[in-house]
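Summary of the model geometry
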Amino acid sequence: MKGTSLRILLIGIDGSGKSTAAHELERALVGRGQAAAVFRNPAGRRTMAGWWARLGHAPGPRVLDALETVARVVNVLRNELRMRTYDGVAVLDRGLECQLALRAARGLPRGVMVPWLLGLLPAADVVAFFDVPVDVAVDRVRLRATDEEDPADLTALEAGYRALSEFASFTAVDASRPLHDVLEDLLALVDGEGAASASDRLLAVSRTP
């Protein structure tokens, strides 16, 4: 049985460019002869938001979290099974860390199951936190014209990420720059250069909001 050679996890607030960068990274790696694939781990927030809009009512934060957690965990476990027999660079678009950040943003506790799964499942070799100003993220969401995001919610979510105990292990990438520059940073991380040898392009994780 083969196994994934490297896992790079992309996380950050909505509108930070994770999904676009994930597919561009896959394309760049394949273009230079490496095996690469994107594994998406969404929580279904956009789909559920459409449901609540049609119903004219959204459930409370605990119910929202329960629904999203189920969707996220199912996607993570399904992709984990796929990666057990995949030999290449796995580009993870979101992960369980995103659900913990959402809980922090909503004032909910970390819980037991999600942290337990984080400790049980293979960890990503690199976690790239897409750091982008909230106003830039809001503009990007508006441009894609598929959903809406409240700036206050995105501000809370960013704070939620930064409040995670795991945040110190993340590598922050300035995602407000053009996609080409972000892609260069991600390729440097995949190549094992890390933040130290790409310090002119990568942000320090300890940067204040």
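Preceding block: the structure.
Scoring rules and cut-offs
Residues numbered from 1 in each chain as written. Predicted model: local features only at pLDDT ≥ 70, side-chain atom pairs only at ≥ 80, totals over all residues. Heavy atoms only, no water. Helix = DSSP H or I, 4+ residues; strand = E, 2+ residues; numbered from the N terminus. Buried < 20%, exposed > 50% of the residue type's maximum accessible area, 1.4 Å probe, protein only. Contact = heavy atoms within 4.5 Å. Areas by Shrake-Rupley, 256 points an atom, 1.4 Å probe, with all protein chains shown as cover. Phe/Tyr/Trp six-rings, centres within 6.5 Å; stacked < 30°, edge-to-face > 60°. Axes fitted to C-alpha atoms, helices over the stretch in contact; angles between N-to-C directions. Left-handed = near helix turned anticlockwise from the far one by under 90°. Core = buried A, V, L, I, M, F, W, Y, C linked by side-chain atoms within 4.5 Å. Salt bridge = Lys/Arg side-chain N within 4 Å of Asp/Glu carboxyl O. Pairing = 2+ DSSP bridges.

On to the overall build of the protein chain. Of regular secondary structure, the protein chain possesses nine helices and five strands. Ordering the α and β elements of the protein chain from the N terminus gives β-α-β-α-α-β-α-α-β-α-α-β-α-α. Across the 209 residues of the protein chain, 46% fall into the buried class. Sequence-distant contacts in the protein chain: of pairs separated by 6 or more residues, those separated by 24 or more amount to 79%. Surface summary for the protein chain: the accessible area is close to 10300 Å², and the carbon and sulfur share equals 58%.

Another aspect to go through is the packing of aromatic side chains. Evaluation of the coordinates by the stated rule reveals four aromatic pairs. Centre to centre, the rings of phenylalanine 129 and tyrosine 161 are 5.4 Å apart; their planes meet at 55 degrees, and the pair counts as tilted. Within this pair, whereas phenylalanine 129 is found in strand S4 (residues 126-131), its partner tyrosine 161 is found in helix H7 (residues 151-163), the two being separated by 32 residues in sequence. For phenylalanine 129, a relative accessible area of 1% gives the class buried. Look at phenylalanine 129 and phenylalanine 167: their rings are 5.3 Å apart centre to centre, the planes differ by 80 degrees, and that puts the pair in the edge-to-face class. Of the two residues, phenylalanine 129 is situated in strand S4 and phenylalanine 167 in the loop between H7 and strand S5 (171-174); the sequence distance between them amounts to 38 residues.

Axis separation between helix H4 (residues 96-105) and H7 bottoms out at 7 Å; the angle between their running directions is 120 degrees. Taken as a pair, H4 and H7 cross one another with a handedness that is right-handed. Facing Glu97, Cys98, Ala101, Leu102, Ala104 and Ala105 of H4, the residues of H7 in contact are Ala156, Leu157, Gly160 and Tyr161.

Core analysis: the largest hydrophobic core is formed by 54 residues, its most contacted members being Ile8, Leu10, Leu25, Tyr161 and Leu186. The dominant element in this core, judged by the number of residues it contributes, is helix H8 (residues 179-190), at six residues. Excluding anything up to four places from it in sequence, isoleucine 8 contacts Leu25, Val89, Ala90, Val91, Leu92, Val126, Leu186, Leu189 and Val190.

With that settled, consider the pattern of salt bridges. On inspection of all chains with the given rule, the structure shows 14 salt bridges. Between arginine 162 and glutamate 158 there is a salt bridge, with the nearest N and O atoms lying 3.4 Å from each other. With arginine 162 and glutamate 158 both in helix H7 and four residues apart, this pair spans about one turn of that helix. With a relative accessible area of 12%, glutamate 158 lands in the buried category. Here aspartate 185 ties to arginine 177 by a salt bridge, and the two come within 2.4 Å at their closest N and O atoms. A single network of salt bridges, built from pairs that share partners, joins Arg7, Glu80 and Arg84.

With parallel pairing, the five strands of this open sheet are ordered in space as S2-S3-S1-S4-S5. Of all the strands in the sheet, just strand S2 (36-40) and S5 have a single pairing partner and so form its edges. Shown here is a sheet whose adjacent strand axes are inclined to one another by a mean of 25 degrees, direction ignored. Sheet topology places strand S1 (residues 6-12) next to strand S3 (residues 89-93); five bridges connect them, and they run parallel. The residue of S3 that forms the bridge with leucine 10 is aspartate 93. Contacting S1, S2, S3 and S4, helix H1 (residues 18-31) crosses the sheet at an angle of about 160 degrees to S2.

Such coordinate-based values are descriptive only and should not be taken to indicate function.
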